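# Architecture and fold: a report
Each chain, letter by letter, is given below.
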Amino acid sequence: MSQAYTLWFTGLSGSGKSTLSEKVTAALRRRGEKVELLDGDAVRTHLSKGLTFSKEDRDLNVKRIGYVCHLLTRNGVWAVSAAISPYRAARDENRKLIGNFIEIYVECSIETLTRRDVKGLYKKALAGQVPNFTGVSDPYEAPLNPDIKVSSDTETVEQSFEKIMSYLDAKVPA
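What comes next concerns the included structure.

Cut-offs used in this document
Residues numbered from 1 in each chain as written. Predicted model: local features only at pLDDT ≥ 70, side-chain atom pairs only at ≥ 80, totals over all residues. Heavy atoms only, no water. Core = buried A, V, L, I, M, F, W, Y, C linked by side-chain atoms within 4.5 Å. Buried < 20%, exposed > 50% of the residue type's maximum accessible area, 1.4 Å probe, protein only. Helix = DSSP H or I, 4+ residues; strand = E, 2+ residues; numbered from the N terminus. Contact = heavy atoms within 4.5 Å. Pairing = 2+ DSSP bridges. Axes fitted to C-alpha atoms, helices over the stretch in contact; angles between N-to-C directions. Salt bridge = Lys/Arg side-chain N within 4 Å of Asp/Glu carboxyl O. Parallel < 35°, antiparallel > 145°, perpendicular 65-115°, else oblique. Left-handed = near helix turned anticlockwise from the far one by under 90°. Nonpolar A, V, L, I, M, F, W, Y, C, P; charged D, E, K, R; others polar. Phe/Tyr/Trp six-rings, centres within 6.5 Å; stacked < 30°, edge-to-face > 60°. Lys NZ or Arg CZ within 6 Å of the ring centre and 35° of its normal.

On to the nonpolar core. Judged by nonpolar contacts, the single largest core of 22 residues is most densely connected at Leu7, Phe9, Val24, Trp78, Ile102, Ile164 and Leu168. Elements with a contribution of two residues or more to this core: β1 (6-10), α1 (17-30), β3 (78-82), β4 (101-107), β5 (148-151) and α7 (157-171). Other than its neighbours up to four places away in sequence, phenylalanine 9 contacts Lys17, Leu20, Ser21, Val24, Val80, Ser81, Ala82, Ala83, Ser85, Ile104, Val106 and Ile164. One finds Trp8, Ala83, Ala90 and Ile98 within the second-largest nonpolar core, a separate group that totals twelve residues.

The structure is reproduced here in structure tokens:
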């Protein structure tokens, strides 16, 4: 592969975005690609500190990540974003800005996420104790036509990873 792309992982908290994005980043590096991973939690700490979880601030956070991805991608560096990015419009704006944009939807049901949740945040959110919790008390707009859709409900991490890498092998020019 020679042309850089942005791989945009989106999905609910705990769906597996970070796990998969780390595996894909490592695989691209093994292939000799220059890659930067922008994980949602790290970005909120370093690039978007002070933003709240209002719709406006969530959109601003996603746009900031998108702008950094745009700069990296146009300069030959693969950008891998793993952020909830709950609103379609903000993701679509990033697709237009970046161009070489591959949206990867990591689908997972609330039931599965609640079972997996070691911090108990979904249980608290479902009980009304955590305000503005994406997918429970705040909306998550799933992609209508993602480039790649994986399901951490029904697929292993390895199966999802293989699906992503197979797509890249087939669709990204060498």
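Moving on from the coordinates now.
This next bit is on the sheet that holds β3. Pairing between the strands of a sheet comes from backbone hydrogen bonds, and it takes one of two forms, parallel or antiparallel. The five strands lie next to each other as β2-β3-β1-β4-β5, forming an open sheet whose pairing is parallel. Every other strand in the sheet has two partners, leaving β2 (35-39) and β5 as the edge strands with one partner each. The average undirected angle you get between the axes of adjacent strands in this sheet is 15°. Taken together, the five bridges between β2 and β3 define a ladder with parallel strand orientation. Residue pairing across strands places leucine 38 opposite serine 81, the latter belonging to β3. Its contacts with the sheet put helix α4 (residues 88-98) on β1 and β4, and the angle it makes with β4 is roughly 150°.

Turning our attention to the pattern of salt bridges. With the rule as written, the count across this model stands at nine salt bridges. Residue glutamate 158 pairs with lysine 23 through a salt bridge whose shortest N-O separation is 3.2 Å. In this pair, glutamate 158 sits in helix α7 while lysine 23 sits in helix α1, placing the two residues 135 residues apart along the sequence. With relative accessibility at 38%, the residue glutamate 158 sits in the partly exposed group.

All right, on to the packing of helix α3 (residues 55-74) against α4 then. At a minimum axis distance of 9 Å, the contact between α3 and α4 shows a crossing angle of 20°. Relative to α4, α3 is oriented roughly parallel. As α3 packs across α4, the resulting crossing turns out to be right-handed. When α3 is examined against α4, the residues Asp59, Val62, Lys63, Gly66, Tyr67, Cys69, His70 and Thr73 are found in contact with a partner set consisting of Ala90, Glu93, Asn94, Leu97 and Ile98. Split by residue class, the contact of α3 with α4 holds six nonpolar, four polar and three charged.

Within the structure shown, the criterion is met by four aromatic pairs. Taken together, a centroid distance of 5.8 Å and an interplanar angle of 25° make the contact between tryptophan 8 and phenylalanine 101 stacked. One end of the pair, tryptophan 8, is in strand β1; the other, phenylalanine 101, is in strand β4, with 93 residues separating them in the sequence. Neither residue differs from the other here; tryptophan 8 and phenylalanine 101 are each classed as buried. Judged by centre distance (6.2 Å) and plane angle (25°), the ring pair of tyrosine 105 and tyrosine 140 falls under stacked. Taken as a pair, tyrosine 105 in strand β4 and tyrosine 140 in the loop between α6 (121-126) and β5 lie far apart in primary sequence, 35 residues in all. Residue tyrosine 105 is classed as buried on the basis of its relative accessible area, which comes to 9%. Seen from the ring of phenylalanine 161, lysine 23 lies directly overhead, with NZ or CZ sitting 4.8 Å from the centre.

These results come straight from atomic positions and should not be treated as a statement about function.
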